[in-house]
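Below, each chain spelled out in residue letters.
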Amino acid sequence: MTNLVNYETTSDHIAILTLNRPEAANAMSKTLLDELNECVHKIKQDKSIRCTIITASGEKVFCAGADLKERKGMNNEQTINAVRYIGETVTNIENLPMPVIAALNGSAFGGGLELTLASDIRIAAEHAKMGLTETSLAIIPGAGGTQRLTRLVGLGQAKRLIFTAKPISASEAKEIGLVEQISQSDELLENAMKMASLISQNGPVALRQAKMAINQGFQTDITTGLAIEHLCYKETLPTEDRTEGLIAFKEKRKPMYEGK
């Protein structure tokens, strides 16, 4: 039986998750979400992983969002539970302790875009389109889109995208800060890997603490945010990696970090 989510790790501490349901536009069926959560749990437990990439198979679609065919047979309560499950999965990805890169190999709509909003960095293939299109189906984004998109691109742009339900191009997405980088389609995974490799060369404890400081501090006022940053900074001080970083700098060599 074919996996709906492929999971692999590389020698340089990178995990790659690939949504693998191209015949259904990588839509989020319950089975796909189950597999995705299993993989996310594995990654969370694996202290050797310093960066995670999420991408999808095929060249046209990253993820079309919820599996609407599956949803057709659901009553209201089942639909609410299905949307909640997508939201929980998205939050599980957001809560991964290491940096997460979404490599959008194609279009990302609805829940598919909400999935990328939980990532830390988004790289889109130049032909990719994206949007929160739920209001065209007489519903609203229910897996974090109204909250995460607003925090990422600002109130006005988020309202424009959600109220019109109109998809935008990769170049416009970069213009408004929805994606951080655009790549030629045939170089997308290579570029995501290059960025992941740059990230994974850095101190693993520092990466985790930096992510925590940014994410938690962003939710609060500047005074509380600075206090959170200070606490996270203190966590890096007693580590062996910090000592190694100082010695490597003095000896003019590349540091060998071990996450200790």
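Our structure's up above, just so we're on the same page.
Let me sum up the structure you'll find in this document. Model, not experiment: these values are computed from the prediction.

### Considering the pairing of strand β3 (residues 51-56)
By the criterion of burial, β3 is predominantly enclosed, with six of the six residues buried. Side chains Cys51, Ile53 and Thr55 project from β3 onto one buried face, and the interleaved Thr52, Ile54 and Ala56 project onto a second face that is buried too. Two elements, strand β2 (residues 14-19) and β3, share six bridges in a ladder whose sense is parallel. Following the sheet pairing, Thr18 is matched in β3 by Thr55. You can see the chain leave β2, run along helix α1 (residues 30-45) and come back into β3, and the turn it takes is right-handed. The sheet contact formed by β3 and strand β5 (residues 100-104) spans three bridges and is parallel. Within β5, the residue paired with Thr52 across the bridge is Val100.

### Here's the deal with the environment of Gly144
Take Gly144: it is sitting in the loop between β8 (129-131) and α5 (145-153). Once the C-alpha coordinates of Gly144 and Arg122 are considered, the two residues, 22 residues apart in sequence, prove to be 16 Å apart.

### Points about a nonpolar patch on the surface
Taken together, the side chains of Leu68, Leu137 and Ile139 present a nonpolar region at the surface, about 280 Å² in accessible area. Of note, Leu137 is situated in the loop between β8 and α5.

Each value, and the rule that gives it
Each chain carries its own residue numbering, running from 1 in the direction its sequence is written. Local features in this predicted model are restricted to residues of pLDDT 70 or higher, and side-chain atom pairs are both shown and tallied only at a pLDDT of 80 or more, whereas totals for entire chains, interfaces and linings draw on every residue. The basis for every side-chain value is the complete set of heavy atoms in the structure, and neither hydrogens nor water enter the calculation. Accessibility here uses a 1.4 Å probe with only protein chains present; expressed as a share of the type maximum, an area under 20% marks a residue as buried, one over 50% as exposed, and anything in between as partly exposed. A helix here means a DSSP run of H or I that spans at least four residues, while a strand means a run of E at least two residues long, and both kinds are numbered starting from the N terminus. If DSSP finds at least two bridges between two strands, the strands pair. Looking down the strands as they point away from the viewer, one classifies a crossover as right-handed if the path from the first strand across the helix to the second runs clockwise. Any residue with relative accessible area above 30% and no salt bridge may belong to a patch, with like charges joined within 9 Å and the nonpolar Val, Leu, Ile, Met, Phe, Trp and Tyr side chains within 5 Å. Note on areas: Shrake-Rupley with a 1.4 Å probe; residue coverage comes only from the protein chains shown. Criterion for a salt bridge: a side-chain nitrogen of Lys or Arg within 4 Å of a carboxyl oxygen of Asp or Glu.

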